[in-house]
Amino acid sequence: MQLPFNVEHGAAQSLQDQIFHRVRRLILDGQLKPGTSMPATRELSRQLEVSRNTVLLAYDRLIAEGYLETEPAVGTFVSAHLPEDSLMLTERPARAIDRHDRALRHRTILFHGQPHGVYTPPGQRVSIDFKVGRPDPNSFPARLWQRLLVKKLEEAGKNLTEYSDPAGLWELRQAIAEHLGPARGIATTPEQVLVVAGCQEALDIVARLFVTKGTQVVTECPCYQGAAFLFESYGADLYPIPVDNQGIQVDRLPDSPVTLAYLTPSHQYPMGATLSLERRLRLLEWAAGTGAYLIEDDYDSDFRHHGSPLTALKGLDRYDSVIYLGTFSKSIGASLRLGYMVLPRPLVKPATDVKTLLNNGQPWLEQAVVAEFMSGGGFGNHLRRIRRVYLLRRDCLVSALRRHFGEVRISGLEGGMHIVWHLPAGFPPAAEVERRVRDAGVAVYTLPGGAAYCQPGEAAVRRSIMLGYSSLAESEIKEGVARIAAVLENAAAGGT
Ligand SMILES: Cc1ncc(COP(=O)(O)O)c(C=O)c1O
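I will try to describe carefully the structure that is included in this document. Small disclaimer: the values here were computed from a predicted structure and weren't measured.

### Let's talk about the packing of helix 2 (residues 41-48) against helix 3 (residues 52-64)
- Across the interface, helix 2 lies against helix 3 with an axial gap of 8 Å and an inter-helix angle of 120°. Between helix 2 and helix 3 lies a crossing whose hand is right-handed. Of the residues in helix 3, those in contact with Thr41, Arg42, Leu44 and Ser45 of helix 2 are Arg52, Val55, Leu56 and Tyr59.
- Each residue belonging to the contact of helix 2 with helix 3 can be placed in one class, and the counts come to four nonpolar, two polar and two charged.

### Considerations on the pattern of salt bridges
- Inspection of every chain in the model, using the stated rule, returns 21 salt bridges.
- The partner of Asp136 in a salt bridge is Arg393, and the shortest N-O contact between them spans 3.4 Å. One end of the pair, Asp136, is in the loop between strand 3 (128-129) and helix 6 (142-155); the other, Arg393, is in helix 13 (residues 378-405), with 257 residues separating them in the sequence. For the pair Asp136 and Arg393, one class covers both residues: buried.
- Two residues, Arg483 and Glu479, come together in a salt bridge whose shortest N-O distance is 2.8 Å. Of the two residues, Arg483 and Glu479 are both situated in helix 16 (residues 474-492); the distance of four residues between them amounts to about one turn of the helix.
- Under the relative-accessibility criterion, Arg483 is labelled partly exposed at 26%.
- Put simply, Lys151, Lys152, Glu155 and Glu372 are held in one network by salt bridges that share partners.

### Quick word on the environment of Gln268
- Considering the arrangement of structural elements, one finds Gln268 in the loop between strand 9 (260-263) and helix 10 (277-290).
- For the pair Gln268 and Ser45, spaced 223 residues apart in sequence, the C-alpha separation works out to 65 Å.
- Discounting residues that sit within four places of it in the chain, Gln268 has contacts with Glu220, Pro222, Cys223, Val243, Ala273 and Tyr299.

Calculation criteria
- Residues numbered from 1 in each chain as written.
- Predicted model: local features only at pLDDT ≥ 70, side-chain atom pairs only at ≥ 80, totals over all residues.
- Heavy atoms only, no water.
- Axes fitted to C-alpha atoms, helices over the stretch in contact; angles between N-to-C directions.
- Helix = DSSP H or I, 4+ residues; strand = E, 2+ residues; numbered from the N terminus.
- Left-handed = near helix turned anticlockwise from the far one by under 90°.
- Contact = heavy atoms within 4.5 Å.
- Nonpolar A, V, L, I, M, F, W, Y, C, P; charged D, E, K, R; others polar.
- Salt bridge = Lys/Arg side-chain N within 4 Å of Asp/Glu carboxyl O.
- Buried < 20%, exposed > 50% of the residue type's maximum accessible area, 1.4 Å probe, protein only.

Shown next as structure tokens:
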């Protein structure tokens, strides 16, 4: 063990005294706990570059004063029972405490945001959870993953001990660029792809590049909390534009210059609309005219249940105005913490520089596994398999709702991993539905509960329930909806 201090050669205080006081301080501050084994005198003399005799004399004094004790032929330890004066020293005088508290109170914390609700602590989990945007845990390709992990470990060489390119592993950036052509109509090169820790970090990188106090950021209304809260935490003024069943209402975009617009064109979060082609083209024209960068959050576009997917905004982008965000959180797993950006050319270097300042890049092993998962065809097979599973689950959910509630009004059916159920007249408000069904062991979500950012008084908040279906088996979906129906019938009958 190395002790966390050095001594000053040539100082007024003798080397022996310095060692005595430093060790004593470590013990009194609780950094060296009673019973801790002390380094051998030879070892400490090497660490501090002093003679062994100096260390021996310092140890002798610490033993004599009761801070250390020896066990012959075993070693030297911090005393199990420290001398009385040391215990007294741990209690700071009242005046010192006061000063300390005042100093703490006057520290300025610059973060003024709040987190979005993605994590459910174990104590709050329920048996049937219609949580939004969660991949099916049983569909995770565990066996192939294990094989790839072992293979990549065997090939790792220096890759696990060296820093790698903060922009991401080249093979992964290549695989992403190749995937995006056929999948999203995006023609790009690996140079423009930046590997990040999910869309959330991508948003942070964009904010660091563009947002300061008062920066205007256009958002959909409602939109994803993870984006809205993040921009607000950098001081942005959000400019919310309502969405309808074709996505953001582009004729309500401001004429004035805007820095950024944050959008979910494939599957509007949370309401689920797909932005029409006409609106996509008008958005691009608007961005070119106002100088705004469009952030296209394509979080769950791997799942398109009807027709062929619309080309991403980035695929239609002739003016290099779109910052494209993709993630493996939905297609593979959220705890992988891997996503990517496709950057307009002028942003490649600044964004990579920010990524370097943030964390020097993503872990090599996970990137290497995902790269081979993609290039070896595993990703394509996995997507085909889970698309079928999710479509069946979506249909199962919709028919269960119809069976119990008749003609239900639903949005967001075309793609993604959740739907929005618009509660009919006569049903309790969404917050009450959320509360009541939870008592029956089922979690459903209001818009804010499902990480949607809403304006105060927004009507949809009171009447919309979000239901994620991708992580539940069909039997759980049926059971969950039956329980919801029982609870709501009870509510209608005036029961509790
Ligand atoms: C709209 C939206 N964007 C992005 C994400 C994914 O974020 P990340 O890639 O950081 O896991 C989510 C996850 O819930 C989301 O709902």
